[in-house]
Amino acid sequence: MVFRKLPGVSASGMGLRLSQKFVFLLFLSGLVTLCFGALFFLPDSVRLKRIFLSKTETQPVTVGSGSENDAREHLKRPKDQDHPRGMASVKGETSTKLKSLSRKPSVSHEATEERLAGGKAQEDLTLPRSKTESASEKATSADHAASSDTFSYVKFKRCLLKPPLGSDGGKPSDPQTNERREKVKEMMKFAWDNYKQYAWGKNELRPLTKNGHIGNMFGGLRGASIIDSLDTLYIMGLMDEYKDAKEWVQTNLDLNSNGEASLFEVNIRYVGGLLSAYYLTGEELFKSKVLELGEKLLPAFNTPTGIPRGVINLGSGTSWSWGWASAGSSILAEFGTLHLEFVHLTELSNNPIYTEKVMNIRKLLNKIEKPHGLYPNFLSPVSGNWVQHHVSIGGLGDSFYEYLIKSYLMSDKTDDDAKKMYYSALEAIEANLVQKSPGGLTYMAEWRGGILDHKMGHLACFSGGMIGIGADDGAAEKRQHYLDLAAEITHTCHESYTRSATKLGPEAFRFDSGAEATATRLSDRYYILRPEVIESYMYMWRLTHDPKYREWGWEAVEALEQHCRVEFGFSGIRDVYTMTVSHDNMQQSFFLSETLKYLYLLFSDDDLLPLEDWVFNTEAHPLPIIRKICLQDEATQDKTVSE
């Protein structure tokens, strides 16, 4: 617009109006610059990006609600029907293993993002997400889709040192041991038959009310007990039951759900279960399903640091943190329990993106400072910093450490980074957490900012087996020490069973106020068919062949039969210290996947799923050791023959 001086109009008046307009335009220009600067240069401007960028781009969302203390009342290691592994309600009504707890988001995403950022994220840890990266990830998937069939099952089988099922299905020569093994097999068939009759297609069986339970941990996915049971049925030779399970996967497993799922639980149960079923049977059905599911989990990693959030909508790809998690943080035992499965997704798909995602997690963990060499349980996926200094080998921390040593073993002992991280962590655990009670029991305490809480959870009892399988690869002068430590911890966990009226262990037991290996709080007295103690029995038997481990396992079988077996399945109990049991009406899927599988292996010969060839994920799904050199040699030989 052109302004002209008009006759009869005050020059000073017009000059004033021009100044006002100039100031207004200057202000408007600054505002526009500020808005676009915020959009493109701030670390995580979720709302603005949502407005201006394509709606198809998946944006990270963090939700924080509730208090950590409230959550702890419900959880003990996220793993329950409604909670991630390791969580259970105070009433003892099932839980998952955290192994995190599921609550629906209730506060604004943006407010939580600002709270999480807390300050400028470390530049070298921040990986900005953009349209370009989203597009490149899709392109990567597409580029490798055509070559996804390059994995050869025949070559894989040739690289195993021994047949997976042994010379005779692992049948022991000793009649008593074989009789006990057959009893465990009968327990599995009984649990499965009742699930099939009363809860088929649901996630878990409620044996008292004879109906199924779905829960909200799996984002609309169904059949958790079926997927978790595939490998157990197969190795036990329950072939009719296995075929029914396989048929259900083929006709009814719908991965196009649109619900809110625990990344951790879907990974260890569904991804782990399908991977294991494929490697044991060679059925392409399982391979195609697991690769389809694996791709749906990738958007959870779209955060400023690449640390995935704990909850993901499998349909939209939107992700957020657990509402109860401290300041919207991600959980160590969740983002640290993806490595085994994701490496195998890369093996089967020939797509490096899965391995890249989990290696990025490791890279970040190696960069940040660890208090006293320990890994706290809560990490911000926005800033890449620890949120608080609570360390536990039980709930919230457990399987992170397990996956370090198992990543090393699964790599055919070539992953030196995992080895270094594991033994450094173990050294810090011994220096800060391992304690000896006045009565001579060795246990793992929890660490809260330098103050010890003399409590050990049932979930922490896996550590006996973990330290045992890692003993051989430690420093030569410490190998026997590690094996002794593994035996001492396993003994302590057995004591937690023998000191209860039912001979089953509580959810947590303490070593203070005169108590040793007993639960002192009513909220810790329940047992939900957990496997961790029996898991350590199995590993210690394989490592030492000390007959006491089989005897301890049989004690557990008798207790399960007496107190947990009901007319239509198996149920957890609310108080292990009373013989008048109250059942929680839940047959956990991990009872079929882990507890009964580990018992069956305990009473089998060592050539059934030999440890020279197989590593178990944290849901007891066997995954094969990856022998890169062998697979490459096989490929070279095949190419030579074809030429």
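Remember, predicted model here, so these are calculated numbers, not experimental data. (Residues numbered from 1 in each chain as written. Predicted model: local features only at pLDDT ≥ 70, side-chain atom pairs only at ≥ 80, totals over all residues. Heavy atoms only, no water.)

## Structural notes on the overall build of the protein
Going by this rule: Secondary structure elements follow DSSP: runs of H or I no shorter than four residues count as helices, runs of E no shorter than two count as strands, and numbering proceeds from the N terminus. With a 1.4 Å probe rolled over the protein chains alone, any residue whose accessible area is under 20% of its type maximum counts as buried; one over 50% counts as exposed, and the rest are partly exposed. In short, Shrake-Rupley with a 1.4 Å probe defines the accessible areas, and a residue's cover is counted only from the protein chains shown.
Looking only at helices and strands, one finds 22 helices and 19 strands in the protein. Within the protein, the proportion of its 643 residues that are buried is 60%. If you sum the accessible surface of the protein, you get close to 24900 Å²; carbon and sulfur atoms cover 54% of it.

## Considering the sheet that holds strand S4 (residues 311-313)
Selection criterion: Between any two strands, pairing holds if DSSP finds at least two bridges.
The three strands are arranged S3-S4-S5 in an open sheet whose pairing can be described as antiparallel. At either margin of the open sheet sits one strand with a lone partner, and together these are strand S3 (260-262) and strand S5 (319-320). Two strands pair when backbone bridges link them, and S3 and S4 are joined in this way by three bridges, in the antiparallel orientation. From the neighbouring strand, serine 262 faces S4, where its bridge partner is valine 311.

## Focus on the packing of aromatic side chains
As a reminder, the rule being used: Between rings of Phe, Tyr and Trp, where Trp is taken as its six-membered ring, a pair exists when centres lie within 6.5 Å; planes separated by under 30 degrees are stacked, by over 60 edge-to-face, and by other angles tilted. Only when the NZ of Lys or the CZ of Arg is both within 6 Å of the ring centre and within 35 degrees of the ring normal is a charge said to sit over the ring.
What the rule picks out here adds up to 32 aromatic pairs. Through a chain of ring-to-ring contacts, the aromatic side chains of Phe151, Tyr153, Phe156, Tyr278, Tyr279 and Trp614 assemble into a single cluster. Between the NZ or CZ atom of lysine 196 and the centre of the ring of tryptophan 200, over which it lies, the distance is 5.9 Å. A cation sits over an aromatic face here: arginine 565 above phenylalanine 190, 3.8 Å from the ring centre.

## What to know about the state of the cysteines
Formally: For this text, the term disulfide refers to a pair of cysteine sulfurs within 2.5 Å.
On inspection of all chains with the given rule, the structure shows two disulfides. Across the disulfide, cysteine 159 is cross-linked to cysteine 630 (sulfur-sulfur distance 2.0 Å). Because the torsion about its S-S bond is -95°, the bridge between cysteine 159 and cysteine 630 counts as left-handed. Within this pair, whereas cysteine 159 is found in the loop between helix H6 (153-158) and helix H7 (175-199), its partner cysteine 630 is found in helix H22 (residues 628-642), the two being separated by 471 residues in sequence. Paired through a disulfide, cysteine 461 and cysteine 493 show a sulfur-sulfur distance of 2.1 Å. The sign of the -95° torsion about the S-S bond sets the cysteine 461-cysteine 493 disulfide as left-handed. Of this pair, cysteine 461 sits in the loop between strand S14 (455-457) and helix H17 (463-470) while cysteine 493 sits in helix H18 (residues 479-498); the two residues are 32 residues apart in sequence, bridging distant segments of the chain. Look at cysteine 461 and you get buried, because its relative accessible area is 1%. Each bonded cysteine of the protein is numbered by sequence order, and under that numbering the disulfide pairs are 1-4, 2-3.

## Regarding unusual backbone geometry
If you check the backbone angles, lysine 503 has positive phi at about 65° while not being a glycine. Along the chain, lysine 503 turns up in the loop between H18 and strand S15 (508-510). Taking the relative accessible area as the measure of exposure, lysine 503 reaches 41% and is therefore partly exposed. Positive phi is not limited to glycine here, since alanine 517 has a value of about 60°. For alanine 517, the location among the structural elements is in the loop between S15 and helix H19 (532-544). The exposure class of alanine 517 is buried, given its relative accessible area of 0%.

## Observations concerning the sheet that holds strand S9 (residues 390-391)
On the basis of which strands lie adjacent, the open sheet formed by three strands has the order S9-S12-S13 and antiparallel pairing. Every interior strand has two partners, whereas the edge strands, S9 and strand S13 (451-453), have only one. Pairing geometry for strand S12 (residues 446-448) and S13, over three bridges, is antiparallel. For glutamate 446, the partnering residue across the bridge sits in S13 and is aspartate 453.

## Re the pattern of salt bridges
So the rule is basically this: Throughout this description, the term salt bridge denotes a Lys or Arg side-chain nitrogen within 4 Å of a carboxyl oxygen of Asp or Glu.
One pass over the structure, following the stated rule, counts 32 salt bridges. For the salt bridge of arginine 530 with glutamate 507, the shortest nitrogen-to-oxygen distance reads 2.9 Å. Of this pair, arginine 530 sits in the loop between S15 and H19 while glutamate 507 is found in the loop between H18 and S15, placing the two residues 23 residues apart along the sequence. Where salt bridges share partners, they join Glu446, Arg448, Asp453, Lys455, Arg510 and Asp512 into one cluster.

## Quick look at the nonpolar core
Most often, soluble globular proteins keep nonpolar side chains buried together rather than apart. Spelled out, the test is: To qualify as a nonpolar core, a set must consist of buried Ala, Val, Leu, Ile, Met, Phe, Trp, Tyr and Cys residues joined through side-chain atoms within 4.5 Å. For this analysis, residues touch if any pair of their heavy atoms sits within 4.5 Å.
Grouped together as the largest cluster of nonpolar side chains are 166 residues, with contacts concentrated most on Leu365, Tyr401, Met456 and Ile467. The greatest single-element share of this core, amounting to 12 residues, is contributed by helix H10 (residues 263-281). Apart from the residues lying within four places of it in its own chain, the contact partners of tyrosine 401 are Leu332, Tyr375, Val391, Ser392, Ile393, Tyr422, Ala425, Ile429 and Met466.

## Thoughts on the packing of H7 against helix H9 (residues 239-252)
Note the threshold: Only the stretch in contact is used when a helix axis is fitted, and all axes are lines through C-alpha atoms; the angle between N-to-C directions ranges over 0 to 180 degrees. Crossing handedness is read from the near helix: turned anticlockwise from the far helix by less than a right angle, it gives a left-handed crossing, and turned clockwise, a right-handed one. When residue character is reported, Ala, Val, Leu, Ile, Met, Phe, Trp, Tyr, Cys and Pro are called nonpolar, Asp, Glu, Lys and Arg charged, and the others, Gly included, polar.
Taken N-terminus to C-terminus, the directions of H7 and H9 make an angle of 35°; their axes are 11 Å apart at the nearest point. In terms of crossing hand, the pair formed by H7 and H9 is left-handed. Touching Lys189, Trp192, Asp193 and Lys196 of H7 are Glu241, Asp244 and Ala245, all from H9. Tallied by class, the residues present in the contact of H7 with H9 amount to two nonpolar, no polar and five charged.

## Some words on the environment of isoleucine 268
Tracing the chain through its elements places isoleucine 268 in helix H10. Separated by 352 residues in the primary sequence, isoleucine 268 and alanine 620 place their C-alpha atoms 8.9 Å from one another.

## Observations regarding the side chain of threonine 518
Of note, threonine 518 is situated in the loop between S15 and H19. A relative accessible area of 18% means that threonine 518 is categorised as buried. For threonine 518, the contacting residues outside a window of four places in its chain are Arg499, Phe509, Arg510 and Tyr577.

## Some thoughts on the environment of tyrosine 408
On the secondary structure map, tyrosine 408 appears in helix H15 (residues 398-410). For tyrosine 408, a relative accessible area of 4% gives the class buried. Leave out the neighbours within four places in its chain, and tyrosine 408 touches Lys413, Thr414, Asp415, Asp416, Ala418, Lys419 and Asp473.

## Considering the confidence of the model for the protein
This is how the line gets drawn: Per residue, pLDDT captures the predictor's confidence, and it can take any value from 0 to 100.
The pLDDT averaged across the protein works out to 84; a share of 76% of its residues lies at or above 70. Highest mean pLDDT in the protein belongs to helix H21 (residues 589-602) (99); lowest belongs to helix H2 (residues 46-52) (31). In the predicted structure, residues 1-16 sits below a pLDDT of 50 and forms four contacts with residues beyond four places in sequence or in another chain. In this model residues 38-148 is a low-confidence stretch, pLDDT under 50, and it forms 365 contacts with partners more than four residues away in sequence or in other chains.

## Section: helix H11 (residues 284-297)
We apply this condition: By this rule the span expected of a helix is its residue count minus one, scaled by 1.5 Å.
The end-to-end C-alpha separation of H11 is 21 Å, in line with the 20 Å expected for 14 residues at 1.5 Å each. Along H11, 10 of the 14 residues are buried, which leaves the element largely enclosed by surrounding structure. Of the positions making up H11, those classed as buried are Leu285, Phe286, Lys287, Lys289, Val290, Leu291, Leu293, Gly294, Lys296 and Leu297. Those residues of H11 that are buried lie in contact with helix H8 (224-235), H9, H10, S4, helix H13 (339-349) and helix H14 (353-367).

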